[in-house]
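Read off the chains here:
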Amino acid sequence: MREEKRRWIGLLSPFAGIIVAFLICAGLIPVQAGEQETDNDQHPRVYNPYPPSIVPSDLSSEIARVLRELDVIESRALARWHALKPPILTGQPPVLQNTGTEAIETLGELMLYDKNISPNRNQACASCHMPYAGFGGPIPSVNLTMVAFPGTVHFRAGKRTAQRHPYSPFFPVLQYNQVQGLFFGGNFFDSRATGYQLRIPDAEQAQSPPVDTLEMGLPDTACIAFRLSHAVYRPLFEEVWGKGSFDINFPHETARICATPGGAAVFGGSTTPIPLSASDRTRANTVYDHWAQSVDSYEQSVQVSAFSSKFDAFLAGKYKLTADEMAGFKLFDGKGNCNSCHLDGRGTTLKSGQTDSSAAAMVNPLFTCFGSANEGVPLNPRNAFYYETKPDSYGFTPNPYGFGYRDLGLGTFLRSGFGSGPNPNVSWRQYAPTVDGQMQVVTARDVALTPPQCPTTEAPGPYFQKGFFHNGYIKSLKQLVHFYNTRDKYAYPVTSGHCPPGTTEKVDCWPMPEVRNNIDMTSGNLGLTDDEENQIVKFLETLSDGFTRPYLNSDIFTGSCMKGGSAATQGNEFLIPTPPLPPCASAICGVAPVPGPKPIP
């Protein structure tokens, strides 16, 4: 009997992760932080290589909560589709007259909240990007601790915070400006969604998470076409993109392949494991492009990029900023120097005694320069990615370099390096050392957006916990502004968790940058008072959409708000000491052209 049991376990082991991940999401198998669930024969069931302090204890229940919320929004989108009067295809070139715009936006919405676009049918794009968090990370305990969200295989996690969707469709195609010697555009923190092919970076961004091994995790882009061909909203896709869209001869093993997460050893490194003919592969690629364009249409719509904040009402003369909000606005443009990167459409005042009397040059400012910068953020040892050094039950190891990994941002992308994506323009590669450590200057819009019942991101609250910057090191807007203000004033040659006695990390001690090259020196010692920092936070809160009209689907949060503490030290009770760091792995820092002038430690 023992041998018979072993034989059956051997046959079922490739699917063990799928089965158990489903049971975990259903709440039928509890997993405590730091535990590796196994069956009697020591076959791994979930991927949990983390020390006890990394994974929050409520992770399984919080994932289940988000899945329920996804169902609510998906049902609303389905109702919207069924109530939509079909557009009329007419004109030359043909256009979907009358309701074509709403049709493609609704299609994109249905896709964004569809859990079926993942091997285990347990992960949607919106699993990491929910409207009540400004389309950022929806699980406060993850934002507070492990930073990156687990994907379809629990608990494989990515390496960065969930970047917000609003206004990302307005970023231009990535370009290198030779006169300024700077890169502008693209999507993702490292700008790797360049827009080189679709000419829409936001659309190319939408093509990555479904096949990212640490996110939705499908093993082949053709799986998206396969799953969409079985979607309940397939008729809407065909209405928008054509009746023959799914005329693809999928082989019989397609369902099995698409139910196996990407990175599995069984694929032998192939990124196209579905054996399609050349013509069918082209059709599947076209469906994938249309997936991306549809998602971009939704993200560009007023449902997501709404321009409905207090600040928009202020520009229209329909809202008067409070005294603190106006003071924060002037500091944002002046002493705080925020406007030098997060452009608000007005001039920036840098000299003492000057007053900005310029009128708004833009009435829909995006609060970004579309560029990138290295702000000198410390390495965050809570990032789950550093601990993913062991293979999971599929034989996949997310991060073989452990703490030898360094996030060089745009520099890694230009080298087509580990943890980023292929660079489609070899002429850009030479500039990698000049941009190491740089991350995209994201829009400041919706940075403070929270669920209605959690009206702020700031302690004592009630507040909704977020993580700021690419690695989630900062836990409140107060800390964010204080970092820009005092980074250089309170700089210490230590790593996080090792500030000297008598100092408080994030208050009067800032650990050293993860990447020391190319630090942005327009901030770091601004001379703002404590009250002035708070006023800038008040202004940032005016950039949250939903003031002039409701922000759609921001009402579906069913979790709990946090209370207590201080915004200045928010999250500090969860600080952990950074272990002794090995040198940066040669696979990251040894790729030509190597970082300089300072080596990456």
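Attention in this report is confined to the structure presented alongside it. The model shown is predicted, which means the values in this text are computed figures rather than measured ones.

Conventions adopted
Residues numbered from 1 in each chain as written. Predicted model: local features only at pLDDT ≥ 70, side-chain atom pairs only at ≥ 80, totals over all residues. Heavy atoms only, no water. Helix = DSSP H or I, 4+ residues; strand = E, 2+ residues; numbered from the N terminus. Buried < 20%, exposed > 50% of the residue type's maximum accessible area, 1.4 Å probe, protein only. Disulfide = S-S within 2.5 Å. Lys, Arg positive; Asp, Glu negative; His and termini not counted. Salt bridge = Lys/Arg side-chain N within 4 Å of Asp/Glu carboxyl O. Polar contact = N/O pair within 3.5 Å; in protein donor to acceptor, adjacent residues only side chain to side chain. Contact = heavy atoms within 4.5 Å.

Focus on unusual backbone geometry
In this chain, A592 is followed by P593 through a cis amide linkage whose omega measures -10°. Among the structural elements, P593 can be located in the segment after α17 (586–589). The omega torsion of the bond from G596 to P597 falls at 5°, within 30 degrees of zero and hence cis. Tracing the sequence through the fold places P597 in the segment after α17. The backbone phi angle of K506 is positive, close to 75°, even though this residue is not glycine. Its place among the elements puts K506 in the loop between α15 (477–486) and α16 (530–541). Residue K506 is classed as buried on the basis of its relative accessible area, which comes to 2%. Even without being a glycine, N553 presents a positive backbone phi close to 65°. With respect to the helices, strands and loops of the structure, N553 is situated in the loop between α16 and α17. On the basis of relative accessible area, N553 is assigned to the buried category, the value being 8%.

Overview of the state of the cysteines
Within the structure shown, the criterion is met by four disulfides. Here C454 is linked by a disulfide to C561, with a sulfur-sulfur distance of 2.0 Å. Of note, the bridge from C454 to C561 carries an S-S torsion of about -90° and is left-handed in sense. On the criterion of sequence distance, the pair formed by C454 in the loop between β6 (439–440) and α15 and C561 in the loop between α16 and α17 is long-range, its members being 107 residues apart. Taking the relative accessible area as the measure of exposure, C561 reaches 25% and is therefore partly exposed. Sequence-ordered numbering of the disulfide-bonded cysteines in the protein gives the connectivity 1-2, 3-6, 4-5, 7-8. C128 takes part in no disulfide bond, and the closest cysteine sulfur, belonging to C125, lies 9.0 Å away.

Notes on the side chain of K506
Within the buried set, K506 has no salt-bridge partner at all; the shortest N-O distance to an opposite charge, 5.8 Å, is to E505. Within the local environment of K506, its side chain forms a polar contact with the backbone oxygen of Y473, the two atoms lying 2.8 Å apart. Setting aside chain neighbours within four positions, we find K506 in contact with Y473, K475, Q479, H482, A568, Q570, N572 and L575.

Structural notes on the environment of F267
Structurally, F267 is set in the loop between α9 (254–258) and α10 (278–300). When the C-alpha positions of F267 and P219 are compared, they lie 8.4 Å apart, and in sequence the two are 48 residues distant. If sequence neighbours within four positions are ignored, F267 has contacts with P219, I257, T260, P261 and P273.

Re the pattern of salt bridges
Tallying each qualifying case throughout the model produces 22 salt bridges. Between K115 and D71 there is a salt bridge, with the nearest N and O atoms lying 2.9 Å from each other. Of this pair, K115 sits in the loop between α4 (100–112) and α5 (140–144) while D71 is found in helix α3 (residues 59–83), placing the two residues 44 residues apart along the sequence. Between E102 and R80 there is a salt bridge, and its shortest N-O distance comes to 3.4 Å.

Read these as spatial facts, not as claims about activity.
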